Amino acid sequence: MARRTAFNLAGKSAPAGQATQIALPVSDLSAGMQAQLEARVYHGAKDGPVIFVSAAIHGDEIIGTEIIRRVMKKLNPRRMAGTVIFVPVVNMYGFISHSRYLPDRRDLNRSFPGSERGSLASQLANIFYTEIVTKCELGIDIHSAAIHRYNLPQIRIASGNAKLKKLAIEFGAPAVIEAPLRDGSLREIAKSDGVDMLLLEAGEGLRFDELSVLTGVNGILRVMRQLGMITAKRLGKIPAPPAQTTKTAWLRASRGGVCRLQAVSGDAVKNGQTLAIISDIFGDDEEIITASADGIIIGHATLPIVNQGDAILHIAEVRIFANVEERMDAINDAMMGNEMLDEDELI
Ligand SMILES: [Zn+2]
């Protein structure tokens, strides 16, 4: 059998059946060091789809860096079909300073497609976009909540794409949210170039948590299996269909003070149910925050000190409320008890 042609990334060659690390120069840092976009290409021995998996576009949303580490450990490019480009840290500037932004104070996820002659954020967006994103048919981009916030693992997709929705459900996260795309976001620009994107939101800024990591690892492997890139026989089916929604709402603090949450991410809640109690520092003048719809909590503030107007709970409306709680439990149990996730086992 003829050997599969090498994959070319930014003028460098990644041979078939191997993992190859490639650094793309971005710019000189102010103190003289080189900033490089580091990618590792798993170029399978057999033909198949080309996809990318990226993390830390927001430099403090580091959960995807750990998810990518664990996924890479499980893959053997000699047995794989197709190609995966892994980018564990896209915004290396924010990553080293534990910040969402770049030194030019721009948000990388509002800077796509970027330009060679633009700001630092614009240059980085341009390199990532032209050298990696546009070479792929599908991308999985991993984010977390900001610091002092937690997101229930959830997949966000553009609405109206049946193929993408199927992959989103197969990912197996507790919730799938179809929502409009933000201007200048990676997903919006990628869509205009025909690149499908799954966005995983999971966990808290600057933290790792096992439910988020395992959801991410299992989900990426399941999507790869669905695309015919790996067989992954030991990887189970999704334990229950995710909650699906097109409508989410933030509940905000009605006063400043000390906030006691009565529900957290993953909880099923009924319209009118008490979700948080906010009082002053003596415990007086309590105000009650109630659920605005039947749904599940998909995000919450982990910092109990709030100013008036702070977002404290993110609720996703679900159309069919019956059994939501049992389904969420089934997904959590399966994720945490998944015996296939011995770290070093190849699949
Ligand atoms: Zn983000």
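Since the model is a prediction, treat every value here as computed from it, not as a measurement.

Packed helices, taken two at a time, are described by their axes: the angle between them and the distance between them. Orientation of helix 6 (residues 210-226) relative to helix 7 (residues 324-336), taken along the N-to-C sense of each, is 85 degrees, at an axis distance of 9 Å. The angle between helix 6 and helix 7 falls in the class roughly perpendicular. Taken together, the residues of helix 7 that come into contact with helix 6 (itself represented by Glu 210, Leu 211, Leu 214, Thr 215 and Asn 218) are Asn 332, Met 335 and Met 336.

On the surface, a cluster of negative charge is made up of Asp 267, Glu 325, Glu 326, Asp 329 and Asp 333. Along the chain, Asp 333 falls in helix 7. According to the relative accessible area criterion, Asp 333 is exposed, its value standing at 54%.

Moving on, we get to the coordination of the zinc ion. Under perfect tetrahedral coordination by four donors, a metal shows angles of 109.5 degrees; under perfect octahedral coordination by six donors, it shows angles of 90 or 180 degrees. Around the zinc ion, the protein supplies His 58 (ND1), Glu 61 (OE), Glu 61 (OE) and His 143 (ND1) as donor atoms, at distances of 2.1 to 2.7 Å. What the four donor atoms of the zinc ion show is an angle range of 53 to 145 degrees at the metal, which sorts the shape as irregular. Here the donor residues for the zinc ion map to a single chain with the spacing H-x2-E-x81-H. Within this pair, whereas His 58 is found in the loop between strand 5 (46-55) and helix 1 (63-74), its partner His 143 is found in strand 7 (residues 138-143), the two being separated by 85 residues in sequence. By relative accessible area, His 58 is classed as buried at 3%.

Along the polypeptide, Thr 215 turns up in helix 6. For Thr 215, the contacting residues outside a window of four places in its chain are Pro 153, Phe 171, Ala 173, Pro 174 and Met 335.

With respect to the helices and strands, Arg 70 occurs in helix 1. For Arg 70, a relative accessible area of 14% gives the class buried. In the structure, Arg 70 is positioned 147 residues away from Val 217 in sequence and 6.7 Å away in space, judged by C-alpha atoms. For Arg 70, the side chain forms a polar contact with the side chain of Glu 66, separated by 2.8 Å.

This part covers the pattern of salt bridges. This model, assessed by the stated rule, comprises 14 salt bridges. A salt bridge links Arg 100 to Glu 61; the shortest N-O distance between them is 3.2 Å. With Arg 100 in the loop between helix 2 (92-97) and helix 3 (120-131) and Glu 61 in the loop between strand 5 and helix 1, the pair connects residues that are 39 residues apart, well separated along the chain. Residue class for Glu 61 comes out buried when judged on its relative accessible area of 2%. Measuring nitrogen to oxygen at the nearest pair gives 3.6 Å for the salt bridge that ties Glu 317 to Lys 247. Of the two residues, Glu 317 sits in strand 19 (residues 311-317) while Lys 247 sits in the loop between strand 11 (243-245) and strand 12 (248-252), which places them 70 residues apart along the sequence. A residue is classified by how much of its surface remains accessible, and Glu 317, at 33% relative accessible area, is partly exposed.

A few words on the side chain of Ser 212. Relative to the elements of secondary structure, Ser 212 occurs in helix 6. Looking at Ser 212, the relative accessible area reads 0%, which means it is buried. Residues in contact with Ser 212, not counting those within four places in the same chain, are Ile 63, Ile 67, Tyr 150, Pro 153, Ala 202 and Gly 203.

For the rest of this paragraph, the subject is the domain arrangement of the chain. According to the domain assignment, the chain contains domain 1 (7-243) and domain 2 (245-334). Just the C-alpha atoms count here: the centres of domain 1 and domain 2 sit 29 Å apart. Of the residues lining the interface, 21 residues belong to domain 1; the matching set on domain 2 comes to 23 residues. Buried area between domain 1 and domain 2, both sides added, is near 1700 Å², and the carbon and sulfur share of it is 64%. Across the contact surface, domain 1 and domain 2 share zero salt bridges. At the boundary of domain 1 and domain 2, one finds nine residue pairs in polar contact (both at pLDDT 80 or more). Those elements that provide at least two residues to the side of domain 1 that touches domain 2 are strand 8 (149-157) and strand 9 (175-178). Ranked by residue count, the leading element in the side of domain 1 that touches domain 2 is strand 8, at six residues.

Calculation notes
- Residues numbered from 1 in each chain as written.
- Predicted model: local features only at pLDDT ≥ 70, side-chain atom pairs only at ≥ 80, totals over all residues.
- Heavy atoms only, no water.
- Axes fitted to C-alpha atoms, helices over the stretch in contact; angles between N-to-C directions.
- Helix = DSSP H or I, 4+ residues; strand = E, 2+ residues; numbered from the N terminus.
- Parallel < 35°, antiparallel > 145°, perpendicular 65-115°, else oblique.
- Contact = heavy atoms within 4.5 Å.
- Patch = residues over 30% accessible without salt bridge, like charges linked within 9 Å, V, L, I, M, F, W, Y side chains within 5 Å.
- Areas by Shrake-Rupley, 256 points an atom, 1.4 Å probe, with all protein chains shown as cover.
- Salt bridge = Lys/Arg side-chain N within 4 Å of Asp/Glu carboxyl O.
- Lys, Arg positive; Asp, Glu negative; His and termini not counted.
- Charge placed at Lys NZ, Arg CZ, Asp CG, Glu CD.
- Buried < 20%, exposed > 50% of the residue type's maximum accessible area, 1.4 Å probe, protein only.
- Donors = N, O, S within 2.8 Å, 3.2 Å for Na, K, Ca; no water.
- Tetrahedral: all angles 85-135°; square planar, octahedral: opposite > 155°, others 65-115°.
- Polar contact = N/O pair within 3.5 Å; in protein donor to acceptor, adjacent residues only side chain to side chain.
- Domains from an automatic or database assignment.
- Buried area = accessible area lost by both parts, 1.4 Å probe.

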